[in-house]
Amino acid sequence: MNLTLRIWRQTGPEDKGRMVTYQVDDVSPDMSFLEMLDVLNERLILAGEDPVAFDHDCREGICGMCGMMINGMAHGPQRGTTACQLHMRQFSDGDTIDIEPWRAQAFPVVKDLVVNRNAFDKIIAAGGYITAPTGSAPEAHSVPVPKSDADAAFEAAACIGCGACVAACPNGSGMLFTAAKVTQLSLMPQGQPERYTRVIGMIDAHDEAGFGGCTNTGECTVACPKGIPLNTIGRLNRDFLTATKKAAGKPGS
């Protein structure tokens, strides 16, 4: 395939940035999207030009590093797929493809397609540690957990922190990510001691990082490559309301 790529180029956080057009020829439909960018970068390097900077690591849809907007869609046109697992067979010969970084106040651009996602780390850090002593690994059935809770916790734990939910949200909200991290702990017995202090701390960190508010548009769940459902945010809201009521009822609050 012969493709026209319009790629966002930005030398640093202070640069305004711009879309730059490149032609890429002889692209195999079996290439992944990142392999196609590798081919472009090899040609740019041989020509003495600066290669396009983009995040990547595992290239197996596990690490969540490869976030980018492809034709206005987080991770591209194939639902439930990260950019690294997107293959060029999803496109046609002669296509023009727009490639941009995540657009959110909390994710400032570092260079080209690379953004700083440290705000997610701050949300996780605000959750603190689980203080319930567990000792060595317990026998699998020693702590009964309802299957519905176990399934929901596992579903939330599938979040890879890629940021597609933020990029797709018209408000730049990170609520789906935050809800996933809260839910995977709040449904397990070991997560109960800090359940309500945790949710308040993580919501505060979310807001302080500059993420927007959630208005339940649902774009986050459409963009999420791991299919985290919207009702995860409902669980977060329920825990947050309970936590604030508990805090309001304490003496001196």
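Being a predicted model, the structure only gives us computed values, none of them experimental. Counting starts from 1 at the beginning of each chain's written sequence and moves along it residue by residue. For a predicted model such as this one, the threshold for reporting local features is a pLDDT of at least 70, and the threshold for listing and counting side-chain atom pairs is 80 or more; totals across whole chains, interfaces and linings nevertheless cover every residue. In computing side-chain properties, one takes all heavy atoms of the structure into account and sets aside hydrogens as well as water.

Draft legend 1. Highlighting the packing of aromatic side chains. Centre distance within 6.5 Å is the pairing criterion for rings of Phe, Tyr and Trp, where only the six-membered ring of Trp is used; planes under 30 degrees apart are then read as stacked, over 60 as edge-to-face, and the remainder as tilted. According to the stated counting rule, one finds five aromatic pairs in the structure shown. The interplanar angle of 90 degrees and the centroid separation of 5.7 Å between the aromatic rings of Phe107 and Phe211 together place this pair among those described as edge-to-face. Placement of the pair is Phe107 in the loop between β5 (96-100) and β6 (109-111) and Phe211 in the loop between α6 (195-208) and α7 (219-223), with a sequence separation of 104 residues. Measuring from centroid to centroid gives 5.8 Å for Phe120 and Phe211, while their planes differ by 20 degrees, and the two rings are stacked. Of the two residues, Phe120 sits in helix α2 (residues 118-126) while Phe211 sits in the loop between α6 and α7, which places them 91 residues apart along the sequence. Secondary structure elements follow DSSP: runs of H or I of four or more residues count as helices, runs of E of two or more count as strands, with numbering from the N terminus.

Draft legend 2. How the structure looks around the pairing of strand β1 (residues 3-9). Burial analysis of β1 places six of its seven residues in the buried class, which makes it a mostly covered element. Taken together, the seven bridges between β1 and strand β2 (residues 18-24) define a ladder with antiparallel strand orientation. Of the residues in β2, the one forming a bridge with Thr4 is Gln23. Relative accessible area decides the class of each residue, using a 1.4 Å probe on protein chains only: under 20% of the type maximum gives buried, over 50% gives exposed, and in between gives partly exposed. Only strands joined by at least two bridges in the DSSP assignment are considered to pair.

Draft legend 3. Representation of the packing of α2 against helix α5 (residues 175-186). It is at 11 Å that the axes of α2 and α5 come closest, and there the two elements cross at 30 degrees. Relative to α5, the element α2 lies roughly parallel. Here α2 and α5 pass one another in a crossing that is right-handed. Every residue of α5 that contacts α2 at Phe120, Ile123 and Ile124 is listed here: Phe177, Thr178 and Lys181. Fitting a line to C-alpha atoms yields each axis, with helices limited to the stretch in contact; the angle taken between N-to-C directions then spans 0 to 180 degrees. Working rule for angles: under 35 degrees goes down as roughly parallel, over 145 as roughly antiparallel, 65 to 115 as roughly perpendicular, anything else as oblique. By the definition used in this description, the sense in which the near helix is turned from the far one sets the handedness, with an anticlockwise turn below a right angle giving left-handed and a clockwise turn giving right-handed. Contacts: residue pairs with any heavy atoms within 4.5 Å of one another.

Draft legend 4. Representation of α2 within the structure. The set of residues buried in α2 consists of Ala119, Phe120 and Ile123. One side of α2 holds all its buried residues, which, seen down the axis, span an arc of 105 degrees. Exposed side chains of α2 directed beyond 90 degrees from the buried face belong to Lys122 and Ala125. Where α2 is buried, its residues touch α4 (164-168), α5 and α6. Here the arc refers to the directions that run from the helix axis out to each C-beta atom.

Draft legend 5. Quick look at unusual backbone geometry. Here His75, not a glycine, exhibits a phi torsion of approximately 70 degrees, which is positive. Tracing the sequence through the fold places His75 in the loop between β4 (73-74) and β5. The backbone of Asp112 shows a phi angle near 50 degrees, a positive value even though the residue is not glycine. Inspection of the secondary structure puts Asp112 in the loop between β6 and β7 (114-115). Overall, Asp112 belongs to the buried group, its relative accessible area being 2%.

Draft legend 6. Region of interest: the pattern of salt bridges. Salt bridges are defined as contacts in which a side-chain nitrogen from Lys or Arg sits within 4 Å of a carboxyl oxygen from Asp or Glu. Tallied over the entire structure, the rule returns 11 salt bridges. The closest approach of N and O atoms between Arg9 and Asp112, which form a salt bridge, is 3.1 Å. Placement of Arg9 in strand β1 and of Asp112 in the loop between β6 and β7 is noted, with a sequence separation of 103 residues between them. Classification of Arg9 by relative accessible area gives buried; the value is 7%. The residue Asp239 makes a salt bridge to Arg195 at a minimum N-O spacing of 3.0 Å.

Draft legend 7. Spatial organisation of the environment of Glu100. Tracing the backbone shows Glu100 in strand β5. Residue Glu100 is classed as partly exposed on the basis of its relative accessible area of 23%. For Glu100 and Arg18, which are 82 residues apart along the polypeptide, the C-alpha to C-alpha distance reads 9.9 Å. Pairs of N or O atoms within 3.5 Å make up the polar contacts considered here, provided that, within protein, one atom can donate a hydrogen while the other can accept it, and that residues adjacent in sequence are counted only when both atoms are side-chain atoms. Of note is the side chain of Glu100, whose polar atom sits 3.2 Å from the side chain of Arg103.

Draft legend 8. Seen up close, the sheet that holds strand β3 (residues 69-70). With mixed pairing, the five strands of this open sheet are ordered in space as β2-β1-β5-β3-β4. Of all the strands in the sheet, just β2 and β4 have a single pairing partner and so form its edges. Pairing between β1 and β5: four bridges, direction parallel. Looking across to β5, one finds that Ile7 is bridged to Ile99. Its contacts with the sheet place helix α1 (residues 33-46) against β1, β2, β3 and β5, and it is angled at close to 80 degrees to β1.

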